[in-house]
Amino acid sequence: MHNLEVYNSLKRSKEQFKPIAEGKIGMYVCGPTVYSDVHIGNCRTFVSFDVIYRFLLYLGYKVRYVRNITDVGHLLDDGEDRISKGARKHNLEPMEVVQRYMNGFHKMMDIFNTKKPDIEPRATGHILEQIEMVQAIIDNGLAYEKNGSVYFNTKKYLEEGKAYGELSGRKIDDLLSMTRDDLKNQDEKDHPSDFAIWIKASPDHIMRWNAPWSVGFPGWHLECSVMSTKYLGETFDIHGGGNDLKFPHHENEIAQNVGACNCQPARYWLHTNMLLMNGRKMSKSEDNSITPQELFSGDSKHISQGYHPMALRFFMLQSHYRSTLDLTDDALKAADKGFKRLCDARKTLMSLESSSANGSKDQEIRGILDGAIAEMCDDFNTPKALAKIFELVPIINSYADGKIAADSISQELLASAKKEFEAIYTDVFGLYDPQEEGGGSHDALDKVMRLVLDIRQDARTNKDWDTSDKIRDGLAAAGITVKDGKDGSSWSV
RNA sequence: GGUCGGGUGGCCGAGUGGUUAGGCAGAGGUCUGCAAAACCUUGUACGUCAGUUCGAAUCUGAUCCCGACCUCCA
């Protein structure tokens, strides 16, 4: 079995990963609040966790991957619910807003080739459980009611010797000294660091449910506490989310779980870092943002061309999930080219053959493949794993060109290399070759191209360069690249 | 102001107390009818100042700069 190490945000260090139940993993990842079109930054986070999920599966774990949809309770600065605001703005039912953006989110996740979570619970589907958890926290003396709203008592929590601020490295003194005058119902709180777990709805608030304290709605952090507990148990293995959720969201989530059942929700907390653009946080107001669609189409002043979703996925894999990733046109162009090279090498590898019983290169190749997996075991180090795989590229190409002797790779190793390369490329990295999209439907084109290249080859044999170049240039104009190799020509779109 | 994370070659981006990251771009070469592709070779580096050390870009301290978070955020 592989020795997997993960960086635990809670401990601020890498730890050996040991699941609670042997062979099984419960993983909860904070999903999006569906109040607007999905942001490319969200995509990075969910692609990161997708690779983590995929790799855990690759290692043979049975994983239950839960990723929620937040469709209520997430307040804006002005105190208005994000979903309500969207509904009011577009004159829609809140659930219409939710459905629209949830659909868009799912579509985008498909475009980025992420695997679906095993359970995707929604906050509004768990109001009852949330009310129960509020009650449990009250019963444990860690929450108080004020005018129909219920607040978590952080001071009491600390006095009971429980750690508030552990995850985000915050001290209660700092939190207490902090003032934010514009917070809704700030005056109702006993302490500034307390937070709402049930909020009484104002008369014009659309989303509302009956609860013992008032007609209202749950606080933002509650749904994750509730749904992770419901589907993964009071304590589970991995909790993930974006770095920006550490505080207050995850900190409060922990407090709620501890407050309700006196147990830590997750053993390992994984946080992904932010996606920047041109060195800065993406921000619509500062004219420094780009949508996924714009990235695909190239229709943005920030980029010079469109990029395929898989090239973007590759771009994301080239950095570690805990590092910020700077999105620039130059970086995307480099990733795009590198990705194509990897795809070509993969295609070449699959066409290679060997009849040799043993090979002088076997050990080197074996080492590279094992090395890639070993890098993944080191806190899901995709850039290093990718670098390893790239070491294979010159070997593959040289072998195909006959620059490496045919008997230097054994039949057996070549077969397992194909299988393992494919497993890493497809199953772990979650990539596919854009040229193979629609797989197998290019039969007709394939035959046409074989004919065209055949004609061109005849022309070349007759040194009829005009015809040969005319074909090549004509195909190039149609977006088809011809590559002349030692054993004839090949083509790609 | 508080907390955390960074500053690596032309651009991204890993990593490490002494040994090649990798990708893209650049240079030279091989191949080619010419190209492209491919292959080979190759340069450029660790913010600044001190300190620890036989040796630091890697550890420590100071300093400058950047980013994120501080109840909107993936």
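The rules behind these values
Residues numbered from 1 in each chain as written. Chains lettered and ligands numbered in written order. Predicted model: local features only at pLDDT ≥ 70, side-chain atom pairs only at ≥ 80, totals over all residues. Heavy atoms only, no water. Pairing = 2+ DSSP bridges. Helix = DSSP H or I, 4+ residues; strand = E, 2+ residues; numbered from the N terminus. Contact = heavy atoms within 4.5 Å. Axes fitted to C-alpha atoms, helices over the stretch in contact; angles between N-to-C directions. Buried < 20%, exposed > 50% of the residue type's maximum accessible area, 1.4 Å probe, protein only. Disulfide = S-S within 2.5 Å. Salt bridge = Lys/Arg side-chain N within 4 Å of Asp/Glu carboxyl O. Core = buried A, V, L, I, M, F, W, Y, C linked by side-chain atoms within 4.5 Å. Domains from an automatic or database assignment. Parallel < 35°, antiparallel > 145°, perpendicular 65-115°, else oblique. Left-handed = near helix turned anticlockwise from the far one by under 90°. Nonpolar A, V, L, I, M, F, W, Y, C, P; charged D, E, K, R; others polar. Phe/Tyr/Trp six-rings, centres within 6.5 Å; stacked < 30°, edge-to-face > 60°. Lys NZ or Arg CZ within 6 Å of the ring centre and 35° of its normal.

**Q** Any chance you could break down the sheet that holds strand 5 (residues 143-146) for me, citing the residues and the numbers?
**A** One open sheet accounts for five strands, arranged 5-6-7-9-8; its pairing is antiparallel. With partners counted over all chains shown, the strands left at the sheet margins are strand 5 and strand 8 (209-210), one partner each. With three bridges connecting them, strand 7 (residues 195-200) and strand 9 (residues 215-218) associate as antiparallel partners. Note on strand 9: the bridge partner recorded for Lys200 is Gly216. Its contacts with the sheet place helix 8 (residues 246-261) against strand 6 (149-152) and strand 7, and it is angled at close to 80° to strand 7.

**Q** Give a description of unusual backbone geometry that names residues and reports values.
**A** Of the consecutive residues Phe247 and Pro248, the connecting peptide bond is found in the cis state with omega at 5°. Counting through the fold element by element, Pro248 comes out in helix 8. A positive phi angle, close to 55°, is found at Phe380, a residue other than glycine. Mapped onto the elements of the fold, Phe380 is located in the loop between helix 12 (362-377) and helix 13 (382-401). Take Phe380: its relative accessible area is 2%, and that puts it in the buried class.

**Q** Tell me about the state of the cysteines, residues and numbers included.
**A** For the structure shown, the criterion picks out one disulfide. Residue Cys261 pairs covalently with Cys263 via a disulfide, S to S 2.2 Å. As the torsion about the S-S bond is roughly -85°, the Cys261-Cys263 disulfide counts as left-handed. A disulfide-free cysteine, Cys343 has its sulfur positioned 20 Å from the sulfur of Cys43, the nearest such atom. Its relative accessible area of 2% is what places Cys343 among the buried residues.

**Q** With reference to specific residues and values, describe the pattern of salt bridges.
**A** Here the structure, examined in full by the defined rule, presents 26 salt bridges. The salt bridge partner of Lys162 is Glu160, with a shortest N-O separation of 2.7 Å. The buried category is assigned to Lys162, whose relative accessible area is 17%. Between Asp401 and Lys403 there is a salt bridge, and its shortest N-O distance comes to 3.7 Å. Take Asp401: its relative accessible area is 41%, and that puts it in the partly exposed class.

**Q** Any chance you could break down the nonpolar core for me, citing the residues and the numbers?
**A** One recurring pattern in soluble globular proteins is that nonpolar side chains are buried together. In this structure, Met27, Leu56, Leu342 and Phe429 are the most contacted members of the largest nonpolar core, which totals 88 residues. No other element matches helix 1 (residues 40-58), which puts ten residues into this core. Beyond its immediate stretch of four places on either side in the chain, Leu342 contacts Phe314, Leu386, Ile389, Phe390, Val393, Phe421, Tyr425 and Leu431. Membership of the second largest hydrophobic core comes to 34 residues, among which are Leu10, Tyr157, Leu167 and Trp220.

**Q** How would you explain the sheet that holds strand 3 (residues 24-29) if you had to name every residue and give the values?
**A** The strand order 4-3-10-11 describes an open sheet built from four strands, whose pairing is parallel. Of all the strands in the sheet, just strand 4 (62-67) and strand 11 (266-272) have a single pairing partner and so form its edges. Along the sheet, successive strands turn relative to each other by an average axial angle of 20°, direction set aside. Strand direction decides the pairing type here: strand 10 (residues 236-242) and strand 11, joined by six bridges, are parallel. Considered in strand 11, the bridge of Ile238 is made with Tyr268. Strands strand 10 and strand 11 of the sheet are contacted by helix 8, whose axis makes an angle of about 160° with strand 10.

**Q** Go over the domain arrangement of chain A with me, naming the residues and quoting the values.
**A** Here the domain parsing of chain A yields domain 1 (5-272), domain 2 (276-436) and domain 3 (443-492). For domain 1 versus domain 3, the separation of C-alpha centres amounts to 57 Å.

**Q** Could you give an account of the environment of Ser48, with specific residues and numbers?
**A** Topologically, Ser48 is positioned in helix 1. In this structure, the C-alpha to C-alpha distance between Ser48 and Gly241, residues 193 residues apart in sequence, is 9.8 Å. Once residues within four sequence positions are removed from consideration, Ser48 is found in contact with Thr272 and Tyr321.

**Q** Could you give an account of the packing of helix 7 (residues 222-232) against helix 8, naming the residues involved and the relevant values?
**A** The N-to-C vectors of helix 7 and helix 8 enclose an angle of 55°; their axes lie 8 Å apart at closest approach. As the angle between them shows, helix 7 and helix 8 are arranged oblique. Both helix 7 and helix 8 take part in a crossing whose hand is right-handed. Only His249, Glu253, Gln256 and Asn257 of helix 8 make contact with helix 7, whose side of the interface consists of Leu222, Cys224, Ser225 and Thr229. Each residue belonging to the contact of helix 7 with helix 8 can be placed in one class, and the counts come to two nonpolar, five polar and one charged.

**Q** Tell me about the packing of aromatic side chains, and name the residues and values.
**A** Applying the stated criterion to the full structure yields 18 aromatic pairs. Relative to Phe195, the ring of Tyr164 has its centre 6.5 Å away and its plane inclined at 20°; by these criteria the two rings are stacked. Highlighted residues: Tyr164 in the loop between helix 5 (154-159) and helix 6 (172-177) and Phe195 in strand 7, separated in sequence by 31 residues. Classification of Phe195 by relative accessible area gives buried; the value is 6%. Relative to Trp213, the ring of Trp198 has its centre 6.0 Å away and its plane inclined at 55°; by these criteria the two rings are tilted. With Trp198 in strand 7 and Trp213 in the loop between strand 8 and strand 9, the pair connects residues that are 15 residues apart, well separated along the chain. According to the relative accessible area criterion, Trp198 is buried, its value standing at 0%. In this structure an aromatic cluster arises from ring pairing among Phe55, Tyr58, Tyr321 and Phe380. Taking NZ or CZ as reference, Arg67 lies 5.3 Å from the ring centre of Phe46, over its face.

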